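Remarks on the overall topology
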Amino acid sequence: MTSNSSGGGSAFQAIASSLCELGIGTAQKKNSSQQEARSSNVKAFFQDIWQIQPAIFRSCRDACADKDCPLYKAISMGWDDVAQLLHHCRESSSCAPFFFQNGNPITNPETTYANNPHAAYLDGCSIIVNHADSHHQIISNLCNSLQETFPHVYANTYLSPPDSHAVNAHADDRDVLVVQVIGSKTWKVYMKVPIQYPFENEQVGKNGLDVDQSVFAGGLCFDDKEITLSTGDVLYMPRGFVHEASTHTQNPTMMERNEVIEPSFHITLAIATHDWCMSTILSDAIRTTLIGNPEFRKALPIGPCVEYGGSSQYEMDFLKDQLDNAISLIQTNVTTKLLHEQLTNKYSMHNSRAGELRRNITTRKRPIEEQTEECVGYLAACRLNLDSIVRASSAEERNSVVLEDGRLRGLTVREETMQTLMTIIGAMKEMPYLHIKVKDLATKVGSVCSNPTICDFTLLSFARCCVELGALAVVKQA
């Protein structure tokens, strides 16, 4: 793989040229004129930041060359885009969304929520979509652009309601770029790295591997402070740094201004560096070389009895001969050219597989707009966006909804929003003649009191669930 351009794709050029805050910093990076923030570039990123320290790049949308930049489009995604993403992954048999409630996974999402991310969100769950680049074209295009800078990039997305967190403190086996798209999120990035450049089985905070208390006692990066990412900010996190993130609750200033608390939606762009290091590539090459020789496929004659193998001296002599022969074979066959080819072939394989899925996003989607003329039920709910018009359903329409196995059969709503949402549905039933846009449900239905936790996505999720269950109906528009 050879570099054909300086700086790579437009998406990373925009990130690297944005105002940069270093997580740790060195004397070369923090001087009287630069302090914590400086104008960065691609070369400086790979020289001073990459695999060394976390960094925040602020207001990256402002650094995009134009509105066609994939990063600009990703940061400009709205709640209708998020709903489209969630619908597509819900329809996927191989990549259903994951639901977490304050750090704990929902172990039976099929039973609890019928795998409906909108229902899970209304109950206070965070929604994680793995490989979101195979479910939404904007995210797919962003990954493709970043692959002009990095060997391979894929995306996971995180949607979290206010005053919550998806997963507990942990470290990853990959480098990541966290792109804040909607709302804001507060992060703690811990200074002490428990395992340098971890592999999959070494990710603390995952799979029963605890984070040592010394990590929490060792302070935070970014001048020992929590950091907040707002729309357009990008956080770079090298593999191995322990981190945790949470969304906000309403503060006194927001209460005075009667501001709505938005959920957080961010894209985590994963760069699987654990799979591209020398130890991985070399061990793969050595194994491939040795198993190509039948002599190194045989079981070693070392066992519990002399008849199985031989004397202890024989075993040691045999191992020495085998080792000498193996080293000779490796020295002959494992060359720099072989390692380079193996690594670039690995890049090509990952990019080819991802590219096929990304190119086929549209064909793998169910064309929901053309599927049905129904105004209630699952397919009707899939068509809803914030500008869709809804009304109270008739008795006949409600009775027509078949509550199939695997589809939503009821609704649980978090306490903070329950009263307001129940007021909305009650007012709609009392005014069956009322036709109203989804985004206006909280402000134009009856005398609904202001509730800062009722945001656009809460209304969209509630409307989709109500239409799926038959409580509301979609108004067909010419």
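Conventions adopted
- Each chain carries its own residue numbering, running from 1 in the direction its sequence is written.
- Local features are withheld for residues below a pLDDT of 70 in this predicted model, meaning they are given only at 70 or higher, and side-chain atom pairs are given and counted only at 80 or more; totals for whole chains, interfaces and linings count all residues.
- Side-chain numbers come from the whole structure's heavy atoms, not from hydrogens or water.
- A run of H or I in DSSP becomes a helix once it reaches four residues, and a run of E becomes a strand once it reaches two; helices and strands are each numbered from the N terminus.
- In what follows, residue pairs with any heavy atoms lying within 4.5 Å of each other are defined as contacts.
- To measure how exposed things are, a 1.4 Å probe is used in the Shrake-Rupley method; for residues, cover is taken only from the protein chains shown.
- Two strands pair under a simple rule: DSSP has to find at least two bridges between them.
- A fitted line through C-alpha atoms serves as each axis, taken over the contacting stretch for helices, and the angle formed by two N-to-C directions is quoted from 0 to 180°.
- In a helix, the anticipated span is given by 1.5 Å times the number of residues less one.
- Under the scheme applied here, a residue whose accessible area is under 20% of the maximum for its type counts as buried, over 50% as exposed, and between as partly exposed, the area being computed with a 1.4 Å probe on protein chains only.
- Should an angle fall under 35 degrees it is taken as roughly parallel, and over 145 as roughly antiparallel, whereas 65 to 115 is taken as roughly perpendicular and any remaining angle as oblique.
- Here is the rule for handedness: rotate from the far helix to the near one, and if that takes an anticlockwise turn smaller than a right angle the crossing is left-handed, while a clockwise turn gives right-handed.
- Throughout this entry, Asp, Glu, Lys and Arg are counted as charged residues, while Ala, Val, Leu, Ile, Met, Phe, Trp, Tyr, Cys and Pro are counted as nonpolar. The remaining residues, Gly among them, count as polar.
- Between Lys or Arg on one side and Asp or Glu on the other, a salt bridge is scored when a side-chain nitrogen of the former is within 4 Å of a carboxyl oxygen of the latter.
- Put simply, the grid is 1 Å and covers the protein atoms alone, a cavity is a trapped set of points that fit a 1.4 Å probe, a pocket is an open set with protein on both sides within 12 Å along at least five of seven lines, and lining residues have an atom within 4 Å of a point.
- Grid points are joined across faces, edges and corners, and a volume is the space filled by probe spheres set on the points.
- Among buried residues, the Ala, Val, Leu, Ile, Met, Phe, Trp, Tyr and Cys ones that are joined through side-chain atoms within 4.5 Å form a nonpolar core.

1. Some remarks on the overall build of the chain
- Of the regular secondary structure elements, the chain holds 20 helices and 16 strands.
- Restricting the contact set of the chain to residue pairs at least 6 apart, pairs at least 24 apart contribute 80%.
- When the accessible surface of the chain is summed, it comes to about 23,200 Å², and 50% of that surface belongs to carbon and sulfur atoms.

2. A few points about the sheet that holds strand E12 (residues 243–246)
- Taking strand neighbours across the sheet as the criterion, the 3 strands line up as E10-E9-E12 in an open arrangement whose pairing is antiparallel. Looking along the sheet, the strands with just one partner apiece sit at the ends: strand E10 (227–229) and E12. Ignoring which end each strand starts from, the neighbouring axes of this sheet average 30° apart.
- Inspection of the sheet shows strand E9 (residues 185–189) paired to E10 by 3 bridges, in the antiparallel sense. Residue Trp 187 lies in a different strand from E10, and its bridge partner there is Ile 227.

3. Things to note about helix H4 (residues 79–90)
- Between its first and last C-alpha atoms H4 spans 16 Å; for 12 residues at 1.5 Å apiece the expected length is 16 Å, and the two agree.
- If you check which residues of H4 are buried, you get Trp 79, Val 82, Ala 83, Leu 85, Leu 86, His 87, His 88, Cys 89 and Arg 90.

4. Observations concerning the packing of helix H11 (residues 278–291) against helix H12 (residues 312–333)
- Orientation of H11 relative to H12, taken along the N-to-C sense of each, is 115°, at an axis distance of 10 Å. Relative to H12, H11 is oriented roughly perpendicular. Pair H11 / H12 crosses with right-handed handedness. Residues Ile 286, Thr 289 and Leu 290 of H11 touch H12, and the partners they reach there are Ala 326, Leu 329, Ile 330 and Asn 333.
- Residues that form the contact of H11 with H12 fall into these classes: 5 nonpolar, 2 polar and no charged.

5. Concerning the pattern of salt bridges
- In total, this model carries 16 salt bridges according to the counting rule given.
- Lys 346 is the partner of Asp 275 in a salt bridge, and the nearest nitrogen-oxygen pair spans 3.1 Å. In this pair, Asp 275 is assigned in the loop between strand E13 (264–271) and H11 and Lys 346 in helix H13 (residues 336–359), connecting sequence segments 71 residues apart. Lys 346 matches Asp 275 in its accessibility class, with the two residues each being buried.
- Between Glu 416 and Arg 414 there is a salt bridge, with the nearest N and O atoms lying 3.1 Å from each other.

6. Observations regarding the layout of surface pockets
- The space that makes up the largest pocket amounts to roughly 830 Å³.
- Taken together, 34 residues line the largest pocket, and the ones lying closest to its centre are Tyr 158, Val 167, His 170, Asp 172 and Lys 206.
- For the lining of the largest pocket, the secondary-structure elements that each account for two or more residues are strand E4 (98–101), strand E7 (154–160), strand E8 (175–182), E9, E12 and E13.
- Grouping the amino acids of the lining of the largest pocket by side-chain chemistry returns 14 nonpolar, 13 polar and 7 charged.

7. So, the sheet that holds strand E14 (residues 389–392)
- What the 3 strands build is an open sheet, ordered E15-E14-E16; its pairing is antiparallel. Looking at the sheet topology across the chains shown, the edges are occupied by strand E15 (436–437) and strand E16 (472–474).
- The pairing of E14 with E16 spans 3 bridges and is classified as antiparallel. Along E16, the bridge assignment pairs Val 390 with Val 474.
- Across the face of the sheet, helix H20 (residues 456–469) comes into contact with E14 and E16 while running at roughly 95° to E16.

8. Description of the packing of H11 against H13
- As a packed pair, H11 and H13 sit with axes 10 Å apart at the nearest point and diverge in direction by 110°. By the angle between their directions, the pair H11 and H13 is classed as roughly perpendicular. Across the interface between the two elements, Met 278, Thr 280, Ile 281, Leu 282, Asp 284 and Ala 285 from H11 touch Leu 338, Leu 339, Gln 342, Leu 343 and Lys 346 from H13.

9. Re unusual backbone geometry
- The phi torsion at Asn 115 lies on the positive side, around 60°, for a residue other than glycine.
- Note on placement: Asn 115 falls in the loop between helix H5 (109–113) and helix H6 (117–122).
- The backbone of His 131 sits at a positive phi, close to 50°, despite the residue not being glycine.
- Here His 131 shows up in the loop between strand E6 (126–129) and helix H7 (137–146).
- According to the relative accessible area criterion, His 131 is partly exposed, its value standing at 40%.

10. Quick notes on the nonpolar core
- Residues Phe 57, Leu 71, Phe 265, Ile 267, Leu 269 and Leu 441 are the most contacted members of the largest nonpolar core, which totals 95 residues.
- Sort the elements by how many residues they give to this core and H20 lands first, with 8 residues.
- Listed in part, the 14 residues of the second largest apolar core include Ile 56, Val 176, Cys 221 and Met 237.

11. As for the pairing of E8
- Most of E8 sits out of view: 8 of its 8 residues are buried.
- Inspection of the sheet shows E8 paired to E13 by 7 bridges, in the antiparallel sense. Of the residues in E13, the one forming a bridge with Val 178 is Thr 268.
- Here E8 pairs with strand E11 (residues 234–237) via 4 bridges, running antiparallel. By the bridge assignment for E11, Val 176 is matched with Met 237.

12. Brief notes about empty space enclosed by the protein
- On inspection of all chains with the given rule, the structure shows 1 cavity of 30 Å³ or more.
- In this model, the largest cavity occupies a volume close to 70 Å³.
- As for the largest cavity, its lining consists of His 87, Arg 90, Asn 116, Pro 117, His 118, Tyr 378, Ala 381, Cys 382, Arg 464 and Glu 468.
- Of all the elements in the fold, those that place two or more residues in the lining of the largest cavity are H4, H6, helix H16 (378–382) and H20.
- With 3 residues, H16 is the single largest residue contributor to the lining of the largest cavity.
- Here the residues of the lining of the largest cavity are counted per class, giving 4 nonpolar, 3 polar and 3 charged.

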